[in-house]
Amino acid sequence: MAKVFGAFSVSILPAIVAAQASGTLPTAYTLPGVFPTSVYAAYYNDPTATTAEPQPIITDPVTHEVYPYWLTNPETIPQLDTYEAHPLPPPAAGSQPAPVCDPADHDDREQLRLRGRLVRRLPGRLEVAKFLALAAPEQGPSLAVALCEAFDYSSDCATEYSVYDLGTPITQVIAYADVGGYDGQVICQRYFSMCTDPGTSPLDLTNWFAKPKPNPLPPPKQPTGERLKVLHMSDLHIDPRYTIGAEANCTNYLCCRPGVYNSDSPNVTVQPAPRYGAYYCDAPFTLILAALQAVPVLTGTEEYGFNFTIYTGDLVSHDPDQELSRAYTVYSETVLYDLLKRQINSGPVYAVMGNHDTYNEAQNSPYDIDPSITGQFNWDYDHLASLWEIEGWLSAETAQQARTHYSAYSVQRTDGLRIITVNTDFWYTANYYNYMNLSSSDNSGMLRFLTDELQDAEDAGDRAWILGHVPTGWDGTNALKNPSNLFYQIVDRYSPHVIAAIFFGHDHEDELSIFYANNATSISAENALTASWIMPSVTPLTNLNSGFRMYEVDSGTFEVLDAYTWYADVNAFGALDGQTEFGPTYELEYSTREAYGASIEWGSNDPLNATWWHLVTEAMEANSTLVELFNTYQGKSSVRSPACTGECITAKICYMRSGSAPIAAANCPSGYGSVQ
């Protein structure tokens, strides 16, 4: 094994080729320190400078518009999106309008504060808010501001909950939610902490599945011995507004931006933002390019490429909502999918929408909301589908399916694998629209779509991979109980004979969850059905290293045979400033089979399936050092990851055995899900 320096070094390239031919690959690769200016034809600034992030001039291939410099210039970040649509629900027919209330007027603001305290004292009075949202929707954002102030949600409620920000989706949800029933109970519990958790709604699956689960199951697909190479990347979170030299250790993130500071040293920068990124910041262009250019060398795919690539969501930086917009969202989508196409011999890329890949962040509404606003997020679905089609990853027919299914789609590959993607915002806790008709467990029809596609796969004898962004399980903090519970039952119905694997992102950390038969009432190797791989991020946010992964997959069963994860040590980025000879180093962190396989009896060519992973958790119970190793890898070997001891050991094993939020809540200690 060798360490390689310099992406374009003529003397090094023959050694790489020889290593690939002999079946060995470099364990580490150091990028050159000079930004590859040839990536773009033109720039708004000098891309060779090391004191500012490059600002390429980007043309959108869908709209053919050139994105303006002010959109990404860190000195001109828009502070409130007043130029794009922020639709309110139409007034209900026959409703009596409430007196108009101007939040800028002191007396009116006091009136709104009183309303907020009324709701605070009497959670059942959410009906009052519903009446206001229906009768005078233009006053809904003012009430949202008052509630924000009453519950101290933000230091700038007037901005964050205004009609130009979160006040709009909140008004829609209050207007259409069953605030006197289950929706209201969950809203009261989650946002006001004044009600008990109503628990998971009972599921009636009598007519949900078109056919019962086959008994006996069809004969399993046989392995071919041929190994496919599949790249998995997630959570790039490019920050085109990254500011070299700004405070990287700020008190309130997002750091590495103009004007941020450390409250212990407000006038003197504690940690200047390095050129390649920092732990409290999203990924600058320089880090994105470094990661993408390291992939082919380290994975041995420079010549022949990957069989295909999966991308499990999140492209946009973690800006405060008032600094985001539709334009900034589609800019990030355009830039990153273009780079994936041009920098990596990726094969077809199967991508999903992440919670940051929409505006407002995390918000997606069901199609059956009021007809006047039913298509309010179509701008995003249309843009994503068009990009995926333009890049040649989806056919015109599949792209059209994505446009009309919340960006979700299904691809029946010719090799017997079906890729099914879902928009996981429809079970994400931060999507306000999920609190409408929540007792149905599928208020958008997203899980109906998944079920129908899996049934088609079963009928055709296909294997299936499910791709999403937000995990349904692990520690149970990201997914709502009802939809994640229904997802679990769907996985049970179509596993292990149809679903070969599930892939998520979102957490930025290296995690995994196992799904068991019968809602995990008996957790054992015999009942393990399938596993969800939760992909670590390229962005370092927060306190994490940067990473990517390649799977080796059997071409007959489409089960994972091994997974290789690479990382770059973000803690070392500061030392790269002041020179341009060397950039970041990406190195092999671990092989999944090698890291955990020695602890169990398992064939060298047997898949890393749910049974294997359950046996790993049993080995962890017998030897806690394996959990400590898992904990290290969870943060991509970050120096900032806390140790896992005591109850944390038990919790991590429990999270690995939890594929839904209700299972995690019922079985696991809380508070140990993240190493950030």
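Throughout this document, residue positions are counted from 1 along each chain, in the order its sequence is written. The predicted origin of the model limits local features to residues at a pLDDT of at least 70 and limits the giving and counting of side-chain atom pairs to 80 or more, whereas totals for whole chains, interfaces and linings rest on all residues. The side-chain numbers reported here are obtained from all heavy atoms of the structure, hydrogens and water having been left aside.

Comments concerning the UniProt feature "domain: Calcineurin-like phosphoesterase" (unreviewed entry) in the chain
- UniProt positions are given in the numbering used here, feature names are shortened, and annotations may be inferred rather than shown by experiment. In the numbering used here, UniProt assigns the "domain: Calcineurin-like phosphoesterase" (unreviewed entry) feature to residues 228–509.
- Secondary structure elements are defined from DSSP: runs of H or I of at least 4 residues count as helices, runs of E of at least 2 residues count as strands, and each element is numbered from the N terminus. Across residues 228–509 one finds 29% helix and 11% strand; the C-alpha atoms that close the span lie 24 Å apart.

Focus: the packing of aromatic side chains
- Side-chain rings of Phe, Tyr and Trp, where Trp is taken by its six-membered ring, are said to pair if the distance between their centres is within 6.5 Å; with planes under 30 degrees apart they count as stacked, over 60 as edge-to-face, and otherwise as tilted. Overall, the coordinates contain 43 aromatic pairs when judged by the stated rule.
- A ring has a charge above it when a Lys NZ or an Arg CZ is no more than 6 Å from the ring centre and no more than 35 degrees off the ring normal. Stacked on the ring of tyrosine 328, the Lys or Arg arginine 241 has its end atom at 3.8 Å from the ring centre.
- Looking at arginine 640, its charged tip hangs above the ring of tyrosine 280, at a distance of 5.5 Å from the centre.

Re empty space enclosed by the protein
- Here the term cavity refers to a set of points on a 1 Å grid, laid over the protein atoms alone, in which a 1.4 Å probe fits but cannot get out; the term pocket refers to an open set having protein on both sides within 12 Å along at least five of seven lines, with lining residues being those that place an atom within 4 Å of a point. Grid points are joined across faces, edges and corners, and a volume is the space filled by probe spheres set on the points. Per the counting criterion, the structure on display carries five cavities of 30 Å³ or more.
- Put simply, the largest cavity is a space of about 130 Å³.
- Taken together, 13 residues make up the lining of the largest cavity; nearest its centre are Pro87, Tyr359, Asn360, Gln376 and Phe377.
- Ranked by residues supplied to the lining of the largest cavity, first place goes to helix H6 (residues 167–176) with three residues.
- Considered class by class, the residues forming the lining of the largest cavity number seven nonpolar, five polar and one charged. Think of it as three bins: nonpolar holds Ala, Val, Leu, Ile, Met, Phe, Trp, Tyr, Cys and Pro, charged holds Asp, Glu, Lys and Arg, and polar takes everything else, Gly as well.

Section: the sheet that holds strand E11 (residues 528–534)
- Strands pair, by our definition, only if DSSP identifies at least two bridges between them. Read from one edge to the other, the open sheet built from six strands follows the order E6-E7-E8-E9-E11-E10, with strand pairing classed as mixed. Edge positions in the sheet fall to strand E6 (410–412) and strand E10 (511–516), since each of these pairs with one other strand and no more. The average undirected angle you get between the axes of adjacent strands in this sheet is 20°.
- As defined by bridge partners, E10 adjoins E11 across six bridges and the pair is classed as antiparallel. What sits directly across from isoleucine 514, in E11, is alanine 531. The angle between two axes is taken between their N-to-C directions and runs from 0 to 180 degrees, where each axis is a line fitted to C-alpha atoms and a helix contributes only its stretch in contact.

Brief notes about the packing of helix H8 (residues 285–299) against helix H9 (residues 326–343)
- Close contact between H8 and H9 brings their axes to 10 Å; oriented N to C, the two are set at 25°. Taken together, the axes of H8 and H9 are roughly parallel relative to one another. Where H8 crosses over H9, the handedness of that crossing is right-handed. Across the interface between the two elements, Phe285, Ile288, Leu289, Leu292, Gln293 and Pro296 from H8 touch Tyr331, Val335, Leu336, Leu339, Leu340 and Gln343 from H9. If an angle is under 35 degrees, it is roughly parallel; if it is over 145, roughly antiparallel; if it lies from 65 to 115, roughly perpendicular; otherwise it is oblique. By convention the crossing between two helices is left-handed if the near helix lies anticlockwise of the far one by an angle smaller than a right angle, and right-handed if it lies clockwise. Whether two residues are in contact is decided by their heavy atoms: any pair within 4.5 Å suffices.

What about the domain arrangement of the chain?
- The domain architecture assigned to the chain consists of domain 1 (109–192) and domain 2 (227–667).
- Throughout the structure description, domain borders are defined by an automatic or database domain assignment. For domain 1 and domain 2, the distance between their C-alpha centres works out to 32 Å.
- Contacts between domain 1 and domain 2 engage 18 residues on the former and 19 residues on the latter.
- A 1.4 Å probe defines the accessible area here, and the buried area is the portion of it lost by two parts on being joined, summed over both. When the two sides are added together, the surface that domain 1 and domain 2 hide from each other amounts to roughly 1,700 Å², 59% of it contributed by carbon and sulfur.
- Each reported salt bridge corresponds to a side-chain nitrogen of Lys or Arg within 4 Å of a carboxyl oxygen of Asp or Glu. Our count for the contact surface shared by domain 1 and domain 2 stands at zero salt bridges.
- N or O atoms within 3.5 Å of each other form a polar contact, as long as, within protein, one can give a hydrogen and the other can take it, and as long as residues adjacent in sequence are counted only when both atoms are side-chain atoms. Between domain 1 and domain 2 we count nine residue pairs in polar contact (both at pLDDT 80 or more) in total.
- Of all the elements in the fold, those that place two or more residues in the side of domain 1 that touches domain 2 are helix H5 (157–160), H6 and helix H7 (182–192).
- The greatest single-element share of the side of domain 1 that touches domain 2, amounting to six residues, is contributed by H7.
- Its residues assigned to classes, the side of domain 1 that touches domain 2 shows twelve nonpolar, two polar and four charged.

Looking at the state of the cysteines
- Pairs of cysteine sulfur atoms within 2.5 Å are identified as disulfides in what follows. In this structure the tally under the stated criterion is six disulfides.
- Covalent S-S linkage joins cysteine 148 and cysteine 157, the inter-sulfur distance amounting to 1.9 Å. Negative torsions about the S-S bond denote left-handed disulfides, and the value of about -70° found for cysteine 148 with cysteine 157 makes this one left-handed. Residue cysteine 148 shares its accessibility class with cysteine 157, and that shared class is buried.
- Between the sulfur atoms of cysteine 256 and its disulfide partner cysteine 281 the distance amounts to 1.9 Å. Handedness of the cysteine 256-cysteine 281 disulfide follows from its S-S torsion of about 65°: it is right-handed. In this pair, cysteine 256 is assigned in the loop between strand E3 (227–233) and H8 and cysteine 281 in the loop between E3 and H8, connecting sequence segments 25 residues apart. Here cysteine 256 matches cysteine 281 in class, with each residue buried.
- Each disulfide in the chain links cysteines that, numbered along the sequence, combine into the pattern 1-2, 3-4, 5-6, 7-8, 9-10, 11-12. Burial classes: relative accessible area under 20% of the type maximum marks a residue as buried, over 50% as exposed, and values in between as partly exposed (1.4 Å probe, protein chains only).

Notes on the side chain of aspartate 462
- By the secondary structure assignment, aspartate 462 is in the loop between helix H12 (446–460) and strand E8 (463–467).
- A polar contact is formed between the side chain of aspartate 462 and the side chain of glutamine 412, at a distance of 3.0 Å.
- Once residues lying within four places of it in the same chain are set aside, the contact partners of aspartate 462 are Gln412, Gly416, Arg418, Ala457 and Val498.

Observations concerning the layout of surface pockets
- Its boundaries defined by the atoms lining it, the second largest pocket holds a volume of some 520 Å³.
- In terms of lining residues, the second largest pocket is bounded by 30 residues, among which Pro220, Arg463, Pro496, His497 and Val498 are the most central.
- Those elements that provide at least two residues to the lining of the second largest pocket are H12, strand E9 (499–504), E11 and helix H15 (610–622).
- In terms of residue count, E11 provides more of the lining of the second largest pocket than any other element does, five residues in total.
- The residue inventory of the lining of the second largest pocket, partitioned by class, reads 18 nonpolar, seven polar and five charged.

Details of the nonpolar core
- Here, nonpolar core refers to any group of buried Ala, Val, Leu, Ile, Met, Phe, Trp, Tyr and Cys residues whose side-chain atoms link them within 4.5 Å. Ranked by internal contacts, the top residues of the largest apolar core, which has 185 residues, are Met233, Trp465, Tyr596 and Trp613.
- For this core, the element with the highest residue contribution is H8, accounting for eleven residues.
- Not counting chain neighbours up to four residues away, the residues in contact with tryptophan 613 comprise Leu512, Ile514, Ala531, Trp533, Thr592, Tyr596, Leu608 and Met656.
- Grouped together as the second largest cluster of nonpolar side chains are nine residues, Ile244, Ala248, Cys256 and Ala273 included.

Remarks on H9
- The end-to-end C-alpha distance of H9, which contains 18 residues, comes to 26 Å, matching closely the 26 Å that a straight helix rising 1.5 Å per residue would cover.
- Most of H9 is tucked away, with 14 of its 18 residues classed as buried. In this analysis, the expected span of each helix is defined as 1.5 Å times one less than the number of residues it contains.

Some words on the pattern of salt bridges
- Enumeration according to the criterion identifies 17 salt bridges in this entry.
- Residue arginine 413 pairs with aspartate 415 through a salt bridge whose shortest N-O separation is 2.7 Å.
- When its relative accessible area of 16% is taken as the criterion, arginine 413 is described as buried.
- The closest approach of N and O atoms between arginine 418 and aspartate 462, which form a salt bridge, is 3.0 Å. Residue arginine 418 is located in strand E7 (residues 417–421), and its partner aspartate 462 is located in the loop between H12 and E8; the two are separated by 44 residues in the primary sequence. As far as burial versus exposure is concerned, arginine 418 and aspartate 462 are alike and both buried.

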